[in-house]
Amino acid sequence: MARMKFICDSERCIECNGCVTACKNEHEIPWGVNRRRVVTLNDGVPGEKSISVACMHCSDAPCMAVCPVSCFYRTEDGVVLHDKDACIGCGYCSYACPFGAPQFPAAGNFGVRGKMDKCTFCAGGPEEHGSQAEFEKYGRNRLAEGKLPACAEMCSTKALLAGDGDVVADIFRNRVVKRGKGAEVWGWGTAYGSKQAGQPNGQKS
Amino acid sequence: MLLTKKSGAAPAGRREDAARSPFIHSLQRGLSRALPTMDRRAFLRRSGLGVGVGIAAGSLTLVKRAKAAGGDSAITGAGKIEVKRTVCSHCSVGCAIDAVVENGVWVRQEPVFDSPINLGAHCAKGASIREHGHGEYRLRYPMKLVDGKYQRISWDQALNEISAKVLELRKASGPEAVYWIGSSKHSNEQSYLMRKFVSLWGSNNCDHQARICHSTTVAGVANTWGYGAMTNSYNDMQNSKCALYIGSNAAEAHPVSLLHMLHSKENGCRMIVVDPRFTRTAAKADDYVRIRSGSDIPFLFGVLYHVFKNGWDDKKYVNDRVYGMDKVREDVMAKWTPDKVEEACGVPEATVYKVAEAMARNRPSTIVWCMGQTQHTTGNAIVRASCILQLALGNIGVSGGGANIFRGHDNVQGATDVGPNPDSLPGYYGIVEGSWRHYAKVWGVDYDWLKGRFASPTMMTKPGITVSRWIDGVLEKNELIDQDPNLRAVFYWGHAPNSQTRGVEMKRAMDKLDLLVVVDPYPSATAAMAAMPGDPKDLNPNRAVYLLPASTQFETSGSVTASNRSLQWREKVIEPLWESRTDHMIMYQLADKLGFGKELVKNYQLQKVKGMDEPVPEDILREINKSNWSIGYTGQSPERLKAHMKLMASFDVKTLRAKGSVKDPATGYDIEGDYFGLPWPCFGTPELKHPGTHVLYNPSLHVMDGGGNFRANFGVEKDGVNLLAEDGSASKGADIQTGYPEFDHVLLKKLGWWDELTDAEKALAEGKNWKTDLSGGIIRVVMKNHGCHPFGNAKARAVVWNFPDPIPQHREPLYSTRPDLVAKYPSHDDKKAFWRLPTLFKTVQQKNLEDKVAQKFPLILTSGRLVEYEGGGEETRSNPWLAELQQEAFVEINPKTAAERQIRNGDRVWLKSPTGARLNVQALVTERVGPDTVWMPFHFSGRWQGADLLAYYPNGAAPIVRGEAVNTATTYGYDSVTMMQETKTTICQVERA
Amino acid sequence: QATQPGQSQGSGQAAAAQPAASQPTAAVGIQGQNIFQVKPETRPDASSEPGYAEQTNGQRNRVQPGNNAPMWRQVQNGMEGYSSLPKSEAPEAGVLIQAPVQYPGSRFTTAGEAWRQVRNRWLIPYGGSLILITLGALAIFYFAKGPVGQHDPDTGRKIERFTPFERAAHWANAIAFVALMITGIVMAFGKFFLLPILGGTLFGWLTWLLKTLHNFAGPLFAVSLVIVFFTFLRDNWPQKGDLHWLARAGGMLGKPGQEPPSHRFNAGEKIVFWGGVLFLGAIVVASGLVLDKLIPNLAYTRATMQVAHMVHAVATVLMMCLFLGHIYLGTIGMRGAYSAMRNGYVDEEWAREHHAYWYEDIRAGRIPAQRSTPREGGAPDQVRPA
Ligand SMILES: Nc1nc2c(c(=O)[nH]1)N[C@H]1C(S)=C(S)[C@@H](COP(=O)(O)OP(=O)(O)OC[C@H]3O[C@@H](n4cnc5c(=O)[nH]c(N)nc54)[C@H](O)[C@@H]3O)O[C@H]1N2
Ligand SMILES: Nc1nc2c(c(=O)[nH]1)N[C@H]1C(S)=C(S)[C@@H](COP(=O)(O)OP(=O)(O)OC[C@H]3O[C@@H](n4cnc5c(=O)[nH]c(N)nc54)[C@H](O)[C@@H]3O)O[C@H]1N2
Ligand code: HEM
Ligand code: HEM
Ligand code: SF4
Ligand code: SF4
Ligand code: SF4
Ligand code: SF4
Ligand code: SF4
Ligand SMILES: [Mo]
């Protein structure tokens, strides 16, 4: 079965935020929730690079490990999803996630956060595929429609690649070979472990 | 314990409860604050629309996973699902979009992977375009300013009152008292209709964004080699070996163009960026060169110096195809030695040499420019310097080379070509009698009647006032302006106010008007500025202000011309929202009230939209097809364009040419040989089946394959020097292998080709040239039978003798921080009646020098774009998906400059300009700019010198994000040919607030 | 070999010959990785240039285009980048990956992962065990020794031990505490014992309810705790005899059944007061208020929350254990104690046996036996007259 992964090619990403608004548009994401965001490093000086980041759907996902209500699950495609009906909005997943992916619609006092929301790899949630309930809680389920994530499909420079880990790695490898340079895939070590093909890394906790 | 997918449909009751989860709640948050009335987004969600659409429309996507999980899910949405193909309306790249519409509601958007232009890619603006289907922050119904507040009125009342007032003004002051600002946002059909409208009204007082965008390019480039347009395309840049971006920040302004460039780069293309700012584009470049704003000529000629010095110029090319390069060479070698270059633009010799070498040794090399070059008092000269560099290197008319001039708005190219220009009729037919007669015939109106519509025959042939200076048309003393009345009424028909300079004076001009009408989906920036209290002395007690809700381009259909000159047809996605009406409907309705409605729509059928008559866009396009021979807007019939939109997948991404023979199932039209979108010039009638021109002036192709050569537009000789191309340099397969002039009936007869015309053609072509022959016969014979170019075959001009500086000269900006350089490179002499207005150059510059203004305002202020916002920004700042990403107007300051002023990142600062304006903005302390320069995005409005204008907006139509407009602070200064405003180089001071 | 994470990429590229095995293994938590074989860099010798290791990303890009090792190194150390999102709305948007730390008990790894390790490897298993052990110990104690009793029968004469105000303060506090304890325990451990019984959705709703309760009860608890603290402060000052009481462990050592004399509160209670109410209470309250986002002008970054959480968890577990003991003694562990807190009165005999010094003071009239003004019929009949 495919193992879904993201690659953001920092040699291509131009911080155009196309991926960000594509996501907002596709899933009707409210103000303040950023399933995806773009970060520019070394801003304004030579060596500047931008990176688009969302949930990486980690192999050994820290968010999943700490959730007090165990509302996370992994699809057969390796996508990390969660059940908003069960989520209590405790924020633990956001403390544990290295990428700052989990988002909350509210940031009130008394720890009121609302239900956690994060990138679903455009794979919806536990509700029935394509149902109204699924759309309202998790956004569209593009994978079920046979489409890839909206952010990557619309990326202005095709910097952002999403899909089966082997396929996106292939695309990226081709570019690297053509360029003859620049082989780092950002975030893969953290998200998928240091071994290849998404093998979990180290001990589980 | 892992949860798995819940199986089956969930029990309804519980799901309903769940829908009220806090998350969904906050989804709804956005609207409750927006509207008291019925809300589309909620409607969308609650009605159950939007569900299942994706699954039904899923088959659209090309990229599919091998096995679609759960593809067997039920389709729950019962509505009618349609997919409409449209084009992003935010910039000239022209990215295609598939809009998924269910029961008339725009529920989704999908990338169009088939599009050879964008391959499904979008920047932030394109990816959020569906927000137009919500339109939450739009103007919903006509409004009128009453006692400082906007009140809702009916369309009938609005049109009646406006037309009565306009007619009254016409009676009192003549047609010249009204100023019409059209729009580069209009489709080709609407722009064309706008020019026709103003002509029938009897005036040349109209303009649109191109003035303040690429007017200097169009004038400079057209006068160099024929047409004022991008010579190649974004796609063609994949063939380049070196690309010099000078004055373009494509990564933010034309993001999807980078798709092609980065691909090219991966194949070895060298990318160089020259800019005062380290931009997102610079971040992607192999080399970045920082220059001082306004010093492009020293840099470009510095590069040219090394090209000449090292013999890198293409001598045969220059000899055969370029006029005047020797004179330029002399000038450059004398004036732009490396020391002078470094003094003027700050770039050391070694760096300049490196750029020259890169461009010379990696041919074909291309140059890219945009506003960094055009928006200067010397804009026309800067762009010509770029042309000259490319001509010297023999890069024009070559695939992979060219002058890739990135245009601005989605249809600024089209609106320039066929829209409301004050000095020409559609197709660049100058406003001389012959052109008027040509159009009188096309429009089916009597020439004398038309002439009678004008204040006088002289006014008919006198270029109108430009949009950059309409305020002076109001404020200038009457005896100093070159038309009888001052301007008394202004129509803002798809144009923002904060995009023109001298905001403080604009406020005064707005107050002095008798009538201000804003026709716009988002008229609010103009509305707020007009409503906010100014100096009571300026306020005209009789002033009337009206806001009319226009539809966007997604609520109508029509064609749009991308930067690469390709035309694309937009299907109508949704019906006009709220009470809005399409621009061409409003034009027709207003014309009707003003008494020339019948003439306006004589050649068009009318269709019913929301129960009202509207001219059919296809018919307007056919009229364009029948008249715009000069620039080849004649082959792009609606049928051909629609076929192209459907068959996008069949065009090659690199060459844009159709890959073999494919037939449109609807019409049977075969796209074989066509270039995508029939990039103009697409000569002759549609039946001639000219494929369009992907690369302009390219002699290596036959003219019927889109080949060509430089245009013969400036005579056959100048001071005894031959202006026609040298022998052997004609396009492939041409029957005439020498240079030749443009074709007319006389030349045709002389060559013995006349009898190849049919009799019907002869009747129409007699006494005409290729541009005025309504039959298209001359073009057909010349191109198809003889492989020649109807516009002749001449040399490009390195020396444009009809311009103030025939050889481009560097001149310091009027507001300069360098008195030493002002002394060496002073500005032009003042002009008395220039586009009907007195225009100052030296006077202002000298006064600034004497007053030592630069000591009080020691920083260069330049401005430009953010990827999330567009233009004046009211439209994009009303889109929550975009607005969230840029919430504050800011000014970029170098850390050193900031430290000197005790400014820390994120502090509020005052930016003060010599006009006395003060802007309260946030400081972004960054190395993007050098210590001598600060930069501001220009997309903000809604705050005015520290005050929030929210109270002056029409209710419910304020954008989400408001901020200080940089143009409140910008200063005087205009290009010496086109009246382009100086927005890229002025001065300011920044202090902690 | 603890190669710097960033350098591993640089060197991976620098030496194309170097086999992929040169990837350093999990010596450090995060690593960038060179997953592909690539062509040699443009200047193969660049890595031997002096100052190579100190290069900025821009400088490195010049000599080795596409080698962003210097930047990734910084990113992995938590370097903040630029994000157009406003700081006020998304304070950490510019942080790609949270800087690595080593929390007590974790490896040196990204802070999120480190926190996860602390929580999942230490707080949950050991905290949970500690609570179970405490409960077990109390149970054993109860079954082995039974409640601490009273040797002689009641005299019938009552002493007012706790005024209505004291009791109200105490019970408000106690109720809040118990609520927090139960809700907290469900949050932390519910998934081990409740989730399998209730199933995901039901457990989710319940926990959401309890979590919300916890979040609101916390501040209430904080307020009542302050009141309790000041109410009982005076009688909890260390006094003569406390050491003796402690030395004999409240009668557990030495002569059995004979409790050493104490003032109103014995040393054990005083330890609970100072250690539990004040020390742990303050920590629990402070960390709890941070977790509740109730401290103004604090940047609620992930790092803050992680630390606050760990502190909270440690302190609450200890506090729970301590007060489980207190609750035990206050209910089934000691006869008469509960009714004292419930009704306010103790029998003179109870006072004499458990708080001898206090009893003497009362007998001597140094402390009134009835401190509050009794409501009509509220006080028992026989209160020793003042
Ligand atoms: N996101 C977005 N995209 C847009 C638009 C938009 O509003 N928003 N507008 C569209 C329109 S209308 C246009 S015209 C284009 C404009 O597209 P661009 O011209 O690429 O955009 P700008 O940011 O205006 O200016 C480009 C660069 O010119 C630099 N510059 C300033 N002064 C000088 C100078 O003297 N010399 C040189 N060489 N460079 C200088 C600035 O630093 C800036 O980085 O973008 C189009 N695309
Ligand atoms: N300081 C500074 N000033 C600049 C520039 C700069 O770089 N610096 N750039 C200049 C340039 S290049 C340009 S092009 C201008 C751009 O400036 P403008 O073109 O004035 O700015 P926009 O906000 O794009 O204005 C377009 C208007 O058309 C409306 N509109 C959109 N679609 C339609 C439609 O279908 N019908 C009608 N009737 N209206 C519609 C929009 O709501 C919007 O109000 O700004 C110029 N000003
Ligand atoms: C002022 C008092 C307190 C406040 C404000 C407070 C607040 C919090 C908050 C905000 C959390 C994080 C979880 C969430 O957001 O729901 C939490 C967790 C927790 N609290 Fe408290 N709390 C307080 C007192 C207590 C007390 C007295 C106890 C124990 C008796 C306790 C036990 C716990 C436990 C066990 C957790 C869960 C830890 C985990 O899941 O790892 N809290 N508390
Ligand atoms: C269900 C929970 C509780 C029960 C049943 C309980 C019971 C009691 C009883 C019976 C006494 C009287 C002991 C005596 O007469 O000496 C007492 C005293 C006291 N309790 Fe509690 N208690 C509970 C929770 C708490 C909590 C959560 C706190 C504070 C965090 C607390 C703080 C005190 C204090 C300060 C005293 C006074 C004695 C002293 O200062 O040492 N109690 N409690
Ligand atoms: S990126 Fe964060 S939220 Fe996503 S799976 Fe990994 S830890 Fe979980
Ligand atoms: S916020 Fe929700 S998803 Fe995240 S850990 Fe808490 S319960 Fe689980
Ligand atoms: S994969 Fe889907 S949900 Fe995730 S960021 Fe991209 S568009 Fe958003
Ligand atoms: S759309 Fe692509 S290029 Fe643009 S910010 Fe996102 S990842 Fe980067
Ligand atoms: S704004 Fe320009 S680049 Fe962005 S999606 Fe629209 S057309 Fe394409
Ligand atoms: Mo523009």
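Residues numbered from 1 in each chain as written. Chains lettered and ligands numbered in written order. Predicted model: local features only at pLDDT ≥ 70, side-chain atom pairs only at ≥ 80, totals over all residues. Heavy atoms only, no water.

*Asks:* How would you sum up the coordination of the iron atom of ligand 4? Please name residues and give values.
*Replies:* All names here are of chain C. Taken together, H170 (NE2) and H326 (NE2) make up the protein donors of the iron atom of ligand 4, found 1.9 to 2.1 Å from the metal. Taken together, the six donor atoms coordinating the iron atom of ligand 4 span angles of 88 to 179° at the metal, a pattern that classifies the geometry as octahedral. Of this pair, H170 sits in helix 5 (residues 164–193) while H326 sits in helix 10 (residues 302–333), and the two are 156 residues apart along the sequence. A residue is classified by how much of its surface remains accessible, and H170, at 15% relative accessible area, is buried. (Donors = N, O, S within 2.8 Å, 3.2 Å for Na, K, Ca; no water. Tetrahedral: all angles 85-135°; square planar, octahedral: opposite > 155°, others 65-115°. Helix = DSSP H or I, 4+ residues; strand = E, 2+ residues; numbered from the N terminus. Buried < 20%, exposed > 50% of the residue type's maximum accessible area, 1.4 Å probe, protein only.)

*Asks:* Before we move on, can you summarise the sheet that holds strand 12 (residues 365–369) of chain B with the specific residues and values?
*Replies:* Backbone-to-backbone hydrogen bonds join strands into a sheet, with any given pair of strands oriented parallel or antiparallel. All names here are of chain B. Taken in spatial order, the five strands line up as 10-9-8-12-13 in an open sheet, and their pairing is parallel. Strand pairing shows two members of the sheet lacking a second neighbour, strand 10 (287–289) and strand 13 (403–405), which therefore form its edges. Along the sheet, successive strands turn relative to each other by an average axial angle of 20°, direction set aside. In this structure, strand 8 (residues 242–246) lies alongside strand 9 (residues 270–274), joined through five bridges in parallel fashion. Directly across from I246, in strand 9, lies its bridge partner V274. (Pairing = 2+ DSSP bridges. Axes fitted to C-alpha atoms, helices over the stretch in contact; angles between N-to-C directions.)

*Asks:* Hey, could you go over the coordination of the iron atom of ligand 3 for me, with residue numbers and the actual values?
*Replies:* All names here are of chain C. At the metal site, the iron atom of ligand 3 is ligated by H214 (NE2) and H312 (NE2), and these contacts range over 2.1 Å. Because the angles between the six donor atoms bound to the iron atom of ligand 3 fall within 80 to 179°, the donor set is best described as octahedral. Taken together, the residues span a long stretch of sequence, with H214 in helix 7 (residues 200–233) and H312 in helix 10 at a distance of 98 residues.

*Asks:* Account for the site of ligand 1, naming residues and giving values.
*Replies:* All names here are of chain B. Close to ligand 1 lie 35 residues, the nearest being D275, G294, R865, Y869 and G871. Between ligand 1 and the protein, one listed contact pairs an oxygen atom with a backbone N or O atom of G871 at 2.6 Å. Protein chains bury 99% of the 900 Å² of accessible surface belonging to ligand 1 in isolation. Sorting the residues of the shell around ligand 1 by element identifies helix 9 (250–253), helix 17 (371–374) and strand 28 (859–864) as the ones contributing at least two each. Each of domain 2 (229–408) and domain 4 (819–992) contributes no fewer than three residues to the shell around ligand 1. (Near = heavy atom within 4 Å. Polar contact = N/O pair within 3.5 Å; in protein donor to acceptor, adjacent residues only side chain to side chain. Areas by Shrake-Rupley, 256 points an atom, 1.4 Å probe, with all protein chains shown as cover. Domains from an automatic or database assignment.)

*Asks:* Describe in detail the pattern of salt bridges, supporting the description with residues and values.
*Replies:* Charged atoms that come close allow side chains of opposite charge to pair. All names here are of chain A. Tallied over the entire structure, the rule returns 94 salt bridges over all chains. We note a salt bridge from E145 to K147, for which the minimum N-O separation is 3.0 Å. Overall, E145 belongs to the buried group, its relative accessible area being 10%. Here K147 falls in the buried class, since its relative accessible area comes to 0%. (Salt bridge = Lys/Arg side-chain N within 4 Å of Asp/Glu carboxyl O.)

*Asks:* So what's going on with the pairing of strand 26 (residues 831–834) of chain B? Which residues, and what values?
*Replies:* Residue and element names in this part refer to chain B. Sheet analysis places strand 26 next to strand 27 (residues 837–839), joined by two bridges and oriented antiparallel. Considered in strand 27, the bridge of K831 is made with T839. What sits between the antiparallel neighbours strand 26 and strand 27 is a turn of two residues, in which W835 has the positive phi angle 50°.

*Asks:* Before we move on, can you summarise the site of ligand 7 with the specific residues and values?
*Replies:* Residue and element names in this part refer to chain A. Taken together, F6, C23, H27, R35, R36, C119, T120, F121, C122, P149, A150 and C151 make up the full set of residues adjacent to ligand 7. For the shell around ligand 7, the secondary structure elements donating two or more residues are helix 1 (18–27) and helix 5 (150–154). Looking at side-chain class alone, the shell around ligand 7 contains eight nonpolar, two polar and two charged residues. (Nonpolar A, V, L, I, M, F, W, Y, C, P; charged D, E, K, R; others polar.)

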